[in-house]
Amino acid sequence: MRQDLKSKATKELIIQKSFEIFYEKGYNSTNIPDIMKETNLSKGAFYHHFKNKCDIGKIVINKIIKKRIYDGFISPLKDYENKNIPELILYVFTQRIKNYSEKEKQLGCPANNLINEIGCTQENDFRVLLSGLISDWNESLTKVIKEGVRKKELHSNINPKAISTLLIGSFEGIRGIRKVYDDDVIFQDYISSIKYYIKSIST
């Protein structure tokens with residue numbers, strides 16, 4: 001393998017394994033030796049690509065967690081002009097929950113875990129990145145809700161940004177709550193409530 005390709009593969013391995021360890025153990029409970037052990041790489045190999053744990057943490061947010069939110073919640077909204085808006089929103093906020101693996105149910109949302117763990121600390125770089133993820137999601141969803149109002153599929157007296165915030169907050173909240181339950185009934189109750197709520201704001 002060419003050296004540049006090998007170097008790129010090594011970097012990608014470190015990023016992926018770091019994400020997995022952060023997800024399972026938490027960012028604060030993870031140290032560089034944990035990452036080295038999981039990747040079977042030397043300290044030199046790690047520091048060739050990354051300055052410290054904070055450096056790789058920011059890259060994990062930008063490369064992996066941001067993509068998860070985009071793929072799961074922003075990309076499905078892109079075709080909103082050709083879809084019934086209430087049905088599209090309901091699909092986005094319920095279908096993903098139905099397909100979570102047992103591990104994802106137990107560990108919760110990677111973005112929300114980081115927000116709860118380090119969002120209120122002095123790690124300002126993390127706060128900026130994490131708030132950016134939520135803002136991108138909120139802006140995309142707000143745009144779609146506004147289109148639903150314009151198409152007269154959603155009530156005209158609603159506040160699109162407030163509803164977007166409610167939907168995102170309730171989704172992230174239920175994922176956090178599910179971590180303390182060994183029962184999917186909490187998800188089933190959430191799905192029923194979201195269906196009822198979206199119906200209540202639909203025309």
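Along each chain, residues carry numbers from 1 onward, in the same order as the chain's sequence is written. Given that this is a predicted model, residues contribute local features only at a pLDDT of at least 70 and side-chain atom pairs are listed and counted only at 80 or more, while totals for whole chains, interfaces and linings are drawn from all residues. Heavy atoms throughout the structure, all of them, feed into the side-chain values; hydrogens and water do not.

On to the packing of aromatic side chains, then. Two rings from Phe, Tyr or Trp (for Trp, the six-membered ring) form a pair when their centres sit within 6.5 Å of each other. Planes less than 30 degrees apart are called stacked, planes more than 60 degrees apart edge-to-face, and all others tilted. Using the criterion set out here, one finds twelve aromatic pairs in the structure. Taking the centre distance of 5.2 Å and the plane angle of 85° together, the rings of F46 and Y47 count as edge-to-face. Looking at Y47, the relative accessible area reads 40%, which means it is partly exposed. Judged by centre distance (6.3 Å) and plane angle (80°), the rings of W137 and F171 are edge-to-face. Only protein chains enter the accessibility calculation, which uses a 1.4 Å probe. A residue is then buried if its area is under 20% of the maximum for its type, exposed if over 50%, and partly exposed in between.

So, on to the pattern of salt bridges. A carboxyl oxygen of Asp or Glu within 4 Å of a side-chain nitrogen of Lys or Arg is what we treat as a salt bridge. Scanning the entire structure with this criterion turns up 13 salt bridges. Close ionic contact of D34 with K25 constitutes a salt bridge, the shortest N to O distance being 2.9 Å. Taking relative accessible area as the criterion, K25 reaches 42% and is therefore assigned partly exposed. Among the salt bridges present, the one from K105 reaches E102, with a minimum N-O distance of 3.2 Å. Placement of the pair is K105 and E102 together in helix 6 (residues 102-107), with a separation of three residues, close to one helical turn. Each member of the salt-bridge network shares a partner with another, and the members are E102, K105, R178 and D184. Secondary structure elements follow DSSP: runs of H or I of four or more residues count as helices, runs of E of two or more count as strands, with numbering from the N terminus.

Attention now goes to the side chain of S18. Turning to its location among the elements, S18 is positioned in helix 1 (residues 3-25). Take S18: its relative accessible area is 0%, and that puts it in the buried class. In this structure the side chain of S18 is engaged in a polar contact, spanning 2.6 Å, whose partner is the backbone oxygen of I14. Setting aside residues up to four positions removed in sequence, S18 forms contacts with I35, I56 and V60. Think of a polar contact as two N or O atoms within 3.5 Å of one another; within protein, one of them needs to be a possible hydrogen donor and the other a possible acceptor, and neighboring residues in sequence only count if both atoms come from side chains. Pairs of residues are marked as contacts when any of their non-hydrogen atoms sit within 4.5 Å.

Let us now look at helix 2 (residues 32-39). Buried residues of helix 2: I32, I35, M36 and T39, and no others. All buried residues of helix 2 lie within an arc of 100° about the axis, which places them on one face of the element. Looking at helix 2, the residues exposed on the side facing more than 90 degrees away from the buried face are P33 and K37. Between the side-chain oxygen at the start of helix 2 and the backbone nitrogen of D34 there is a gap of 2.9 Å, and the oxygen is on N31. As used here, the arc is the angular range of directions from the helix axis to the C-beta atoms.

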